Amino acid sequence: MIGIVVALEKEAVAVLPLINKKKEKLLAGKKVIEGKLFNKDIALIFSGIGKVSAALSTQALIDNYNLDYVFNFGSVGAVNQKIKVNQFYLIDKCMQFDFDVREIDDVPLGYIQDYDRVFFETTPINAKLDKVVLGTSDKFTSKKEIIEEYNSKKVLKK
């Protein structure tokens, strides 16, 4: 079975009509759609916005279904001008971009205590997608000066 985590229903409008034998239920206060997608059993949960909501929803799927895979998709913002709209990417490695303790410790942006690195590799899958580095954040911005600052950080170029 495949678990799918999507923040908002409007981000799943392209896939919802493709799900067969739909059944809806609530799980951890979140709407879940069970059914078949491309002949695979799926449970799609609408997590709401933010990493905490996504983590709670993902764990609810793991606790309640015998999952082989978990996919998270939706629309995202990007400060990297090479990222294209309506394109799929394979996340090669990721970091917590809004975890910033630089002012109290001499550590790089994204450093999490007790880890010896900022970037975390993902589980490799065989997919013909462009690989990208993900800096996840619950902070939203469209301000030019902030985007320029983010793109200038050496930590993002690793």
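Analysis parameters
Residues numbered from 1 in each chain as written. Predicted model: local features only at pLDDT ≥ 70, side-chain atom pairs only at ≥ 80, totals over all residues. Heavy atoms only, no water. Pairing = 2+ DSSP bridges. Helix = DSSP H or I, 4+ residues; strand = E, 2+ residues; numbered from the N terminus. Axes fitted to C-alpha atoms, helices over the stretch in contact; angles between N-to-C directions. Contact = heavy atoms within 4.5 Å. Salt bridge = Lys/Arg side-chain N within 4 Å of Asp/Glu carboxyl O. Buried < 20%, exposed > 50% of the residue type's maximum accessible area, 1.4 Å probe, protein only.

(A) How the structure looks around the sheet that holds strand β1 (residues 2-6). Strands sit in the order β2-β3-β4-β1-β5 across an open sheet of five strands; the sheet is mixed. Where the open sheet ends on each side, the last strands, each with one partner, are β2 (20-27) and β5 (69-73). Geometrically, the sheet is characterised by an average inter-axis angle of 20 degrees between neighbouring strands, direction not taken into account. As defined by bridge partners, β1 adjoins strand β4 (residues 40-46) across five bridges and the pair is classed as parallel. Following the sheet pairing, isoleucine 2 is matched in β4 by isoleucine 42. Strands β1, β2, β3 (30-37), β4 and β5 of the sheet are contacted by helix α1 (residues 51-64), whose axis makes an angle of about 160 degrees with β1.

(B) The arrangement of the pattern of salt bridges in detail. Scanning all chains against the criterion turns up five salt bridges. Between lysine 25 and glutamate 34 there is a salt bridge, with the nearest N and O atoms lying 3.7 Å from each other. With a relative accessible area of 34%, lysine 25 lands in the partly exposed category. Across the salt bridge formed by aspartate 41 and lysine 36, the nearest N and O atoms sit 2.8 Å from each other. The class for lysine 36 is partly exposed, based on a relative accessible area of 27%. One continuous salt-bridge network, built from bridges that share partners, spans Glu9, Glu24 and Lys31.

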